[in-house]
Amino acid sequence: MVKILRAGLSGLLLTFAGFVLADSLPPLKDTPVIWFADDDKAIAVPEYFEPGLMPYTTNSYVSRPFARFFHPGRLIRKIDSGYAGRRACNVNSLGEVVNSSWFTNRIGLYPMSVAEVAHGSGQIEGPDRSSPWEIIGAKTSGVTPGFRIRDGRGDVWLLKFDPPEHPGLTIRSGVVTNLIFYAIGYNVPVDRVVEFDLEDLIVGEGAVMKLPRVGEVPMTIANLDSVLQSTGSIFNGHFQALASKYLFGKPLGPFNDQGLREDDPNDIINHEDRRELRALKVFSSWVNHFDTKMHNSLDMYVGTPGQGYVKHHLIDFASTLGAFGGEPVQRYGYETGFDVGPITGRFLALGLHEDPWVNVHRPEGLSEVGLFVADPFEPEKWKPDIPHSGMAEMTAEDGYWGAKIISAFSREQIKAMVLSGKYQDPMAVDYLVDILCQRRDKIVRYWFSEVPPLDFFQSLDGVVKYSDLGAERGYFSEEGTQYRYRMCAVNSNREGESWSQWQESDLTVIPLQKAPEPNAQSPFLALECQVNRGQGWSDSVMAYLVAQSGRLVAVHR
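Quantities reported herein were computed from a predicted structural model and do not represent experimental measurements. (Residues numbered from 1 in each chain as written. Predicted model: local features only at pLDDT ≥ 70, side-chain atom pairs only at ≥ 80, totals over all residues. Heavy atoms only, no water.)

Undergrad: Just give me the short version of the sheet that holds strand S14 (residues 463-468), but keep the residues and values in it.
TA: The strands making up a sheet are joined through hydrogen bonds of the backbone, oriented either antiparallel or parallel. What the three strands build is an open sheet, ordered S13-S14-S17; its pairing is antiparallel. The open sheet is flanked by strand S13 (454-460) and strand S17 (509-511), the only strands paired with a single partner. Looking at each pair of strands side by side, their axes are set apart by 20 degrees on average, direction ignored. Of the strand pairs in this sheet, S14 and S17 are connected by three bridges, and their pairing is antiparallel. Within S17, the residue paired with Val463 across the bridge is Pro511. (Pairing = 2+ DSSP bridges. Helix = DSSP H or I, 4+ residues; strand = E, 2+ residues; numbered from the N terminus. Axes fitted to C-alpha atoms, helices over the stretch in contact; angles between N-to-C directions.)

Undergrad: An account of the pattern of salt bridges is requested, with residue identities and associated values reported.
TA: Oppositely charged side chains can form a pair if their charged atoms are brought close together. Counted by the stated rule, this structure contains 28 salt bridges. We note a salt bridge from Asp38 to Lys41, for which the minimum N-O separation is 3.5 Å. With relative accessibility at 55%, the residue Asp38 sits in the exposed group. The partner of Arg261 in a salt bridge is Asp299, and the shortest N-O contact between them spans 3.1 Å. Of this pair, Arg261 sits in the loop between strand S10 (250-253) and helix H7 (275-278) while Asp299 sits in strand S11 (residues 297-302); the two residues are 38 residues apart in sequence, bridging distant segments of the chain. Residues joined in a network through salt bridges with shared partners are Arg86, Asp273, Arg275, Arg278 and Asp398. (Salt bridge = Lys/Arg side-chain N within 4 Å of Asp/Glu carboxyl O. Buried < 20%, exposed > 50% of the residue type's maximum accessible area, 1.4 Å probe, protein only.)

Undergrad: Can you tell me about the sheet that holds S10, naming the residues and giving the values?
TA: One open sheet accounts for three strands, arranged S10-S11-S12; its pairing is antiparallel. Bordering the open sheet on either side are S10 and strand S12 (309-314), each of which pairs with just one other strand. Pairwise comparison of adjacent strand axes, ignoring direction, gives a mean angle of 35 degrees for this sheet.

Undergrad: Lay out empty space enclosed by the protein in plain terms, naming residues and giving numbers.
TA: Where empty space is left can be seen by rolling a probe of water-molecule size over the atoms. For the structure shown, the criterion picks out three cavities of 30 Å³ or more. Of the voids in this model, the largest cavity is the one considered here, and its volume is about 90 Å³. Looking at the largest cavity, it is lined by 13 residues, and the ones nearest its centre are Leu280, Thr292, Lys293, Asn296 and Leu314. Counted by class, the lining of the largest cavity contains five nonpolar, five polar and three charged residues. (1 Å grid on protein atoms, 1.4 Å probe; cavity = no way out; pocket = protein on both sides within 12 Å on 5 of 7 lines; lining within 4 Å. Points joined across faces, edges and corners; volume = space filled by probe spheres on them. Nonpolar A, V, L, I, M, F, W, Y, C, P; charged D, E, K, R; others polar.)

Undergrad: Before we move on, can you summarise the packing of helix H8 (residues 280-287) against helix H11 (residues 396-407) with the specific residues and values?
TA: Relative to each other, H8 and H11 sit at 45 degrees, their axes nearing to 8 Å. The pairing of H8 with H11 is recorded here as oblique in orientation. The residues of H11 that touch H8, namely those facing Val282, Phe283 and Trp286, are Gly399, Trp401, Gly402, Ala403, Ile405 and Ile406. Among the residues making up the contact of H8 with H11, the classes are represented as seven nonpolar, two polar and no charged. (Parallel < 35°, antiparallel > 145°, perpendicular 65-115°, else oblique. Contact = heavy atoms within 4.5 Å.)

This is the structure we're talking about:
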């Protein structure tokens, strides 16, 4: 009934307003599926640009939401499907994100070993130790100090420490989440937990540091030791820090979560229409990465001037897995920094209603673990601290794509990544692995219920085989699960005249011996597939083949 009402209202609005939805499906073509974006063409070096946090926050809370609210196309789509965003613009005909300067398909499409997910983007050992680390700069202001070092290879790293009140909290979560996001497919720096002593450091020529009420003073081993002692990051008599390797290339500032970078000719897709930035909501909800503002990203110009291109990175994952820079904030992940709806609700409730996050607490006795729980976490209700334009445009297909990738992480892989955080307490490792698995399962079950997880269609030897990821990966029972399909010869606009009868099966295999005969006007074969887990038939997943060759050319859900 809801779908009927939505369809009726959507039709009325389209007739009244005269708007055409901008996300109509492209025509079918008998061509290979595109897997790579041509976005690494040589360009001139763009200018460095980084807007202030206040203007960005104001836009994120005020101007952008108002623009979205008064966009008629978004209203029509919201009524029609329940999601306001249009179809993502950087997906291929199979609904997969193409490899680009933004994203590289990894665990979602290709098996990764336990060792590979723990290795991450490279240099698993961290900074080279063939000679002492040379300190070339320092940051002693803010919540935590930091040092820039040059290692034996000449690489520059940033050493970051935990807040003194919470030793072992942020550096470990930052490394674990960095590995997770690399396995997902994002460009990230090399982040490692490192252990060292004062004797492993030397002060570089001209290195200075700023001290409160004193100002800039030359750095010495003595004041270096004083700063290191003040961090509280001392475990078994050694200092520990997060070592983050400086990215290759020339820094250009962060990328925005909306619009384009105007001085990058390769940047032709609005950022809010990129699936990997929309599904960032799904991935961030998994690890409670609430701090997804644009300033935690970084564009780098890679290559010699005039011959290089812009590569886009996510950086700084310290505020994840319940970690925080100062005092814990229970609402992170449950509300934005200024969330009008919940604030109004609390005012009207006169204290008679209690928000679910009020009862979120750190696990007792685990000082290396923050506010990270599986209950009352609800995937569809998760929110970043500052509204994110990409997340605001997320559709069910975007959410499904994100959940499909998360479902590929095994418990063994998750544990290997957590162990890379070098937690001192084995109970902290067990706790984080359990919570990550529980949150993973909640996310996957939610999105696999929203969108049927029938995927990875293959045409082989007169049959089409596909996977039910929900059953194969253990999220739904195989017992009693039924599948059905029907077929039709269609034209390039996916239009056909005569569908076959529905055929039911307990296998994810479609024999093509009785497929409708193609003709010059309808050279493609459409397969409509559904699944029933005891609660009725699901929505359809459509697969399209070139009838003569059997080439799979499109999947739509």
